[in-house]
Amino acid sequence: MSVNPRPYTVMFIVPTGIGAAIGGYAGDALPVAKAMAQVADRLITHPNVMNGASLYWSLPNALYVEGYGLDQFAAGSWGLRPVHQNRVGLVLDQAIEPDLRLRHLQVADAARATLGLSLTDYVVTDAPLGVELRTADSGATWGTIQNPGSLLRAVEKLLTQAKAEAVAIVARFPDDPGTEALMQYRHGQGVDPLAGAEAVISHLVVRTFQIPCAHAPALSPLPIDPTLSPRSAAEELGYTFLPCVLVGLSRAPQFVISREATCPAGTIWANAVDALVIPASACGGSAVLSLSQTPTQIITVQENQTSLNVPAEALGIETIAVHSYLEALGVLVAHRAGLNPDSLRSQIPNLQECLETVPKPSFLQEIR
Amino acid sequence: MIARFVSIEVPLKDPAELQRSILQALQSQGEPLRWAITGIKVDKEQLSDGAHRQIAQIEAVVLSPTQFAIPFTSVTTV
């Protein structure tokens, strides 16, 4: 596709648990990722974008990187080593009821038989994980687990005894079928009440073991809803959310922690990222702050509204602001082609003499 | 080890300094696991030149080694 020896690399982030209009539901940013993968040589993205429960789309040039690892990568601390396949281990929360546990094990067996994935034997945690959900003042969902030690012991067993190279976690989440938050979510509105706790679980594992990891919640099936939103529908097709996680992890890149001579050839570092695409109101994440200090072109998308109001300009971050992902795709094509996107507009202002250093944005606000 | 939710406030600075300040402030409460700036507000307190500082509001989950930590802490301005 390209004669330029530098692969055009795009990072695409839709933070989880902030009610993103596109990507805040059941893998509903996946069509955007598929389009971006057509204009990029490499797409670096994360489970919230790629996971649609029973639905998934394995993109050959996409790197599936969990959020903690993505932040470390963007900060230049960790590299990404692409792989052909990982042996995926499965951790099941002891709190999962026997029938529901069996459903998950059958999904894992199906992934082996139907998709040909490599899975290790599974581990059940030595105590219930105790997932607790929380919505913060900002509207973002967070959450914690009561027994992080039990989770870490289970993962360690998978890595040392079963020789897993990536880990899928299934934790029992509280069933709240009557809550307003869940009703809104099923109708494609509001914030995913589970997302924040899911991210904390996978962050804990990636931080501790530096291996690819992703999470699927175990929940009882919901009563059928004829008004279900298409954006949320992927999560109501089956008994589990696990298939997409197994597929994503089966080819997720391994993390490289050292930049020394032993660093494997082909490792990708943050300085390879040409462009970062994020929702315009969610610029306060660690990866965005890190890449804002590099030559990476940051593109903010207005249409993908979230529950937050943290725009790039308030943080002193320079971006190209666009209305939609369709427009963002155009900017990526222009950027890849070496064009200034403004040259494609009808009005091109004349150059001005450079007189003074452009003042940095002030973080003080004058009140008149 | 426990995982707990915290919210803190840090004066707005340029991105590199801001990131350092946030991590430093969170590390005083535990090991940062997940965090984000979730809001920006103007400080009510007026500076000597009449201007007001802008404040980044951060929400986070941190890991603490102790079993005796308070589960949910209040806002701390750093």
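This section reports on the structure supplied with the text. Nothing here was measured: the structure is a model prediction, and the numbers come from that model.

## Thoughts on the overall build of chain B
Argument step 1. Each helix and strand in chain B was counted, giving 1 helix and 4 strands.
Argument step 2. Along its sequence from the N terminus, chain B presents helices and strands in the succession β-α-β-β-β.
Argument step 3. Each of the 78 residues in chain B was classed as buried or not, and the buried ones make up 41%.
Argument step 4. The long-range fraction of contacts in chain B, counting pairs at least 24 apart against all pairs at least 6 apart in sequence, stands at 64%.

## Points about the overall build of chain A
Argument step 1. Helix and strand counts for chain A stand at 10 helices and 15 strands.
Argument step 2. The dimensions of chain A, computed from C-alpha atoms along their principal axes, are 70 × 50 × 35 Å.
Argument step 3. Counting the 368 residues in chain A, one finds 51% classified as buried.
Argument step 4. Restricting to contacts in chain A with at least 6 residues of sequence separation, those with at least 24 account for 73%.

## Remarks on the sheet that holds strand 1 (residues 9-12) of chain A
All names here are of chain A.
Argument step 1. Strands sit in the order 3-2-1-12-13-14 across an open sheet of 6 strands; the sheet is parallel. Two strands bound the open sheet, and with one partner strand each, they are strand 3 (62-64) and strand 14 (320-322). Sheet twist, expressed as the mean angle between neighbouring strand axes with direction ignored, is 20°.
Argument step 2. Of the strand pairs in this sheet, strand 12 (residues 275-279) and strand 13 (residues 297-301) are connected by 5 bridges, and their pairing is parallel. By the bridge assignment, V277 is partnered in strand 13 with I299.
Argument step 3. Against the sheet, helix 10 (residues 325-336) touches strand 1, strand 12, strand 13 and strand 14, its axis set at about 165° to strand 13.

## A few points about the nonpolar core
Residue and element names in this part refer to chain A.
Argument step 1. Of all hydrophobic cores here, the largest spans 140 residues; its most connected members are V91, V167, A168, V170 and L276.
Argument step 2. Here this core takes 8 residues from helix 7 (residues 195-209), the largest share from any one element.
Argument step 3. Residue contacts for L276: discarding those within four places in its chain leaves M11, I13, V288, L291, T296, I298 and I299.

## Examining helix 7 of chain A
All names here are of chain A.
Argument step 1. With 15 residues, helix 7 ought to run about 21 Å at 1.5 Å a step, and its terminal C-alpha atoms sit 22 Å apart, in line with that.
Argument step 2. The element helix 7 is largely enclosed, with a buried count of 12 among its 15 residues.
Argument step 3. When helix 7 is considered as a whole, its buried residues turn out to be A195, G196, A197, E198, A199, V200, I201, S202, H203, L204, V205 and V206.
Argument step 4. Q210 sits one or two positions beyond helix 7 and adopts a positive phi of about 50°.

## Topic: the packing of helix 3 (residues 67-74) of chain A against helix 7 of chain A
Two measures define how a pair of helices packs: the angle their axes make with one another and the distance between the axes.
Residues and elements named next belong to chain A.
Argument step 1. For the pair helix 3 and helix 7, the least separation of the axes is 7 Å and the interaxial angle reads 55°. Looking at the two axes, helix 3 sits oblique to helix 7. Where helix 3 abuts helix 7, its residues G67, Y68 and G69 lie against A199, H203, V206 and R207.
Argument step 2. Of the residues assigned to the contact of helix 3 with helix 7, the class counts are 3 nonpolar, 3 polar and 1 charged.

## Describing the pairing of strand 5 (residues 88-92) of chain A
Residues and elements named next belong to chain A.
Argument step 1. Here strand 5 lies mainly inside the structure; 5 of its 5 residues are buried.
Argument step 2. Along strand 5, one buried face is formed by V88, L90 and L92 and the opposite face, lined by G89 and V91, is buried too.
Argument step 3. Here strand 5 pairs with strand 6 (residues 119-124) via 4 bridges, running parallel. Its bridge partner lying in strand 6, V91 is registered against V123.
Argument step 4. Handedness of the β-α-β unit built from strand 5, helix 4 (residues 98-115) and strand 6 comes out right-handed.

## Digging into the interface of chain A and chain B
Argument step 1. With 35 residues of chain A at the interface, the matching set in chain B holds 28 residues.
Argument step 2. Among the elements of the structure, strand 8 (144-145), helix 5 (148-160), helix 7, helix 9 (286-291) and strand 15 (364-366) of chain A are those that each provide at least two residues to the side of chain A that touches chain B.
Argument step 3. Of the residues forming the side of chain A that touches chain B, the biggest block, 5 residues, is contributed by helix 7 of chain A.
Argument step 4. Taken together, the residues of the side of chain A that touches chain B break down into 18 nonpolar, 13 polar and 4 charged.

## Brief notes about the environment of A337 of chain A
Argument step 1. Mapped onto the secondary structure, A337 of chain A falls in the loop between helix 10 and strand 15.
Argument step 2. For the pair A337 of chain A and Y8 of chain A, spaced 329 residues apart in sequence, the C-alpha to C-alpha distance is 9.9 Å.

## Description of the sheet that holds strand 5 of chain A
Residue and element names in this part refer to chain A.
Argument step 1. With parallel pairing, the 4 strands of this open sheet are ordered in space as 6-5-9-10. Single-partner strands in this sheet number two, and they are strand 6 and strand 10 (213-218). When strand polarity is set aside, the average angle formed by the axes of neighbouring strands in this sheet is 20°.
Argument step 2. As defined by bridge partners, strand 5 adjoins strand 9 (residues 166-172) across 5 bridges and the pair is classed as parallel.

## Quick look at helix 1 (residues 30-39) of chain A
Residues and elements named next belong to chain A.
Argument step 1. Inspection of helix 1 places L30, V32, A33 and M36 among the buried residues, and these make up the whole buried set. Taken around the axis of helix 1, the buried residues stretch over an arc of 150°, which confines them to a single face.
Argument step 2. Against the buried residues of helix 1 lie strand 1, strand 2 (42-45), helix 2 (47-50), strand 3 and helix 10.

## Quick look at unusual backbone geometry
Outside of glycine, negative phi angles account for most residues, and trans bonds account for most peptide bonds.
Argument step 1. One non-glycine residue, A53 of chain A, lies in positive phi territory at about 60°.
Argument step 2. Locating A53 of chain A in the fold gives a position in the loop between helix 2 and strand 3.

## Focus on the environment of I145 of chain A
Argument step 1. Summarising the element assignment, I145 of chain A is placed in strand 8.
Argument step 2. Separated by 17 residues in the primary sequence, I145 of chain A and P128 of chain A place their C-alpha atoms 9.4 Å from one another.

About the cut-offs
- Residues numbered from 1 in each chain as written.
- Chains lettered and ligands numbered in written order.
- Predicted model: local features only at pLDDT ≥ 70, side-chain atom pairs only at ≥ 80, totals over all residues.
- Helix = DSSP H or I, 4+ residues; strand = E, 2+ residues; numbered from the N terminus.
- Buried ≥ 20, exposed ≤ 12 C-beta atoms within 10 Å, placed from the backbone.
- Contact = placed C-beta atoms within 7 Å.
- Pairing = 2+ DSSP bridges.
- Axes fitted to C-alpha atoms, helices over the stretch in contact; angles between N-to-C directions.
- Core = buried A, V, L, I, M, F, W, Y, C linked by C-beta atoms within 7 Å.
- Expected span 1.5 Å × (residues − 1).
- Parallel < 35°, antiparallel > 145°, perpendicular 65-115°, else oblique.
- Nonpolar A, V, L, I, M, F, W, Y, C, P; charged D, E, K, R; others polar.
- Right-handed = clockwise from strand over helix to strand, strands pointing away.
- Arc of directions from axis to C-beta.

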